[in-house]
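Examination of the molecular architecture
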Number of protein chains: 2
Amino acid sequence: MRTVTKDTLTQAFLDCCDPDTDPRLHHVLERLVHHLHAFAREVDLTHDEWRTGLRLLTEAAAFTTPERNEFVLFSDVLGLSSLVDMINTPDAATSSSVLGPFHILGAPPLPVGGDLKGDNVGDTVVVEGQVLDTAGRPIPGAMLELWQTAANGLYSNQDEAQSDWNLRGCMTLGDDGRYLFSTVRPIAYTVPDDGPVGALLHATGRHPWRPGHHHVIVQAEGFQPLVTELFPDDDPYLDEDAVFGVRSDLVIHYTRTEERTALPPDLLAAATLEPPFHLVRFDFKLQAEA
Amino acid sequence: MRTVTKDTLTQAFLDCCDPDTDPRLHHVLERLVHHLHAFAREVDLTHDEWRTGLRLLTEAAAFTTPERNEFVLFSDVLGLSSLVDMINTPDAATSSSVLGPFHILGAPPLPVGGDLKGDNVGDTVVVEGQVLDTAGRPIPGAMLELWQTAANGLYSNQDEAQSDWNLRGCMTLGDDGRYLFSTVRPIAYTVPDDGPVGALLHATGRHPWRPGHHHVIVQAEGFQPLVTELFPDDDPYLDEDAVFGVRSDLVIHYTRTEERTALPPDLLAAATLEPPFHLVRFDFKLQAEA
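Residues numbered from 1 in each chain as written. Chains lettered and ligands numbered in written order. Predicted model: local features only at pLDDT ≥ 70, side-chain atom pairs only at ≥ 80, totals over all residues. Heavy atoms only, no water.

Attention now goes to the side chain of Thr149(A). Residue and element names in this part refer to chain A. Within the fold, Thr149 resides in the loop between β2 (143-147) and β3 (168-172). Residue Thr149 is classed as buried on the basis of its relative accessible area, which comes to 1%. Aside from chain neighbours lying at most four places away, what touches Thr149 is Leu154, Tyr155, Leu167, Val184, Ile187 and Tyr189. (Helix = DSSP H or I, 4+ residues; strand = E, 2+ residues; numbered from the N terminus. Buried < 20%, exposed > 50% of the residue type's maximum accessible area, 1.4 Å probe, protein only. Contact = heavy atoms within 4.5 Å.)

Note on sheets: strands pair through backbone hydrogen bonds, and any given pair is parallel or antiparallel. Residue and element names in this part refer to chain A. Strand order in this open sheet of five strands is β3-β2-β7-β8-β9, and the pairing throughout is mixed. Of all strands in the sheet, those bounded by a partner on one side alone are β3 and β9 (251-252). Judged from the five bridges that link them, β2 and strand β7 (residues 214-219) form a sheet pairing that is antiparallel. Residue pairing in the sheet places Met143 in a bridge with Gln219 of β7. (Pairing = 2+ DSSP bridges.)

It is common to report an interface's size as the accessible area lost on association of the parts. Domain boundaries in chain A define domain 1 (1-45) and domain 2 (80-286). Centre-to-centre separation of domain 1 of chain A and domain 2 of chain A, based on C-alpha positions: 41 Å. (Domains from an automatic or database assignment.)

Residues and elements named next belong to chain B. Within the open sheet, the five strands sit side by side as β3-β2-β7-β8-β9. Their pairing is mixed. Lying at the two open borders of the sheet, with one neighbouring strand each, are β3 (168-172) and β9 (251-252). Sheet topology note: the strand β2 (residues 143-147)/β3 ladder contains five bridges and is antiparallel. When the bridges of β3 are listed, Leu146 appears paired with Gly169.

With that settled, consider the interface of chain A and chain B. Listed by partner, the interface residues are 70 residues for chain A and 70 residues for chain B. Of the roughly 6,600 Å² buried at the junction of chain A and chain B (both faces included), carbon and sulfur atoms supply 70%. Note that Glu42(A) is salt-bridged to Arg31(B), the shortest N-O span being 2.8 Å. Along the contact surface separating chain A from chain B lie 25 residue pairs in polar contact (both at pLDDT 80 or more). Across the side of chain A that touches chain B, the residue classes tally to 37 nonpolar, 18 polar and 15 charged. (Buried area = accessible area lost by both parts, 1.4 Å probe. Salt bridge = Lys/Arg side-chain N within 4 Å of Asp/Glu carboxyl O. Polar contact = N/O pair within 3.5 Å; in protein donor to acceptor, adjacent residues only side chain to side chain. Nonpolar A, V, L, I, M, F, W, Y, C, P; charged D, E, K, R; others polar.)

Take the relation of the copies chain A and chain B next. In the superposition of chain A on chain B (RMSD 0.1 Å, axial shift 0.0 Å), the rotation amounts to 180°. Such a combination of turn and shift is consistent with a two-fold rotation axis. Of the interface residues in chain A, 100% have counterparts in chain B that sit at the interface too, so the contact is made through matching surfaces. (Least-squares fit on C-alpha atoms with pLDDT ≥ 70 in both.)

All names here are of chain B. For the pair helix α3 (residues 47-63) and helix α4 (residues 70-77), the least separation of the axes is 8 Å and the interaxial angle reads 125°. In terms of their interaxial angle, α3 and α4 are classed as oblique. Contact residues: Leu56, Leu57, Ala60, Ala61 and Phe63 in α3; Glu70, Phe71 and Phe74 in α4. The class makeup of the residues in the contact of α3 with α4 is seven nonpolar, no polar and one charged. (Axes fitted to C-alpha atoms, helices over the stretch in contact; angles between N-to-C directions. Parallel < 35°, antiparallel > 145°, perpendicular 65-115°, else oblique.)

In structure tokens form, the structure reads like this:
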């Protein structure tokens, strides 16, 4: 190893890994170190730049709390989170999109037709549709988890003025896979930009805005879980999401209606809120497990 | 951006960076994100694996203190630190090697010929030589910073039983660039392996040992500073350093002597310790600043 050079160091790394290492771990590490070393060589990384990178990681550590993970945010703004979503989205299924740092397990149950808006300020939107397999057949007994920001652009766990589970709910669907809920229209907001991720955004002339979105997780037995977001089509940041989360099949168009009869007939009775609504239909397609 | 795919996401990232971004920052980021994305695509990185990577970074944050930086240690065991050293070592100069996390600014002065061993247990070694330019001419007024572990494999700032500056010193050289100091023979030790770096080492069947070494920083006006290490040639871990720090030109051979007259005549009077010694000569070659 003492004769190692910058051109043989990557192999020297591999040579010191036990051949009995778990094959998947070995493959992932091999590619990781290959690209890490190639990066350093291609840019002739200086000691000062290396120290800057380590300082950014150490600062990210200082900004990381149970409510905010600056490493996830780095992954988001560098496009890695969205790339992992794209790699793992089956072609025939609805696109996945970033989970984000504001999901909390344990949201309260919400019946089909139920309302999340309560006394929240903002336009009322009604989102309805169906959970389907990739052949278009309803999936019985699916579960929908929903969360989003209030009109001030904050999630309930970022904002002491909101109740703990404001704009969060968990809906269990029937055999027809049909869902409907009312809520407020989500609006654009900024990712936290007071830490090292913000420094990176500012240094590259990027803004921290995300277009407004409804967060949804769809799960059903025998199917791959879907973590995704729905984006209103008139949001000014739709094509410049700071975390690269928008996919064309996740863009929705609300239709304003004054008439309750615009609601789907099968869920008309279940819908709890009165018009005017901004109404949208969206069907989720799930890939069966291998 | 809403039509972005896993094959166009890297370009989408670049497109959102301001063209007026500092050109070097833009280049480094472009290559970094290129390789980060290529890595994820090539291994079809799963969400579970992505979460594992982020968990390792978050755990590294929890292990990082002013005395121990787990991110530096990740860089070390993945070979990145050594690669940066190699990239930045001029061909005609002495090889650089890892700084490590145990350097402290402000070591007390040590005269030429002075002793670091004091009452430390271990074989006495005398290291002497000269600080030269790449043409072999002495550099006047160079400064040598020295630090190493005690016989228990710990640095003074890891070990409450040692005095604050044990086995650390800072030597200012004369016009002839000659130096000599006595100390204890350094021994092999392990990098900390109770954190996520240790988990990675264990999962790949690697040990945490480093061969024993003298740490040296050499600085002189008009020359690039040299951060390096000297490694005794009979250390069992010489060819399996956990952090890839060994270079063939940094391997030294001690010659045991019972005679004080084995010391170099010009520094015989200055040497403060009595034989038996393990004696070694090593000349440092520095590259002039551009």
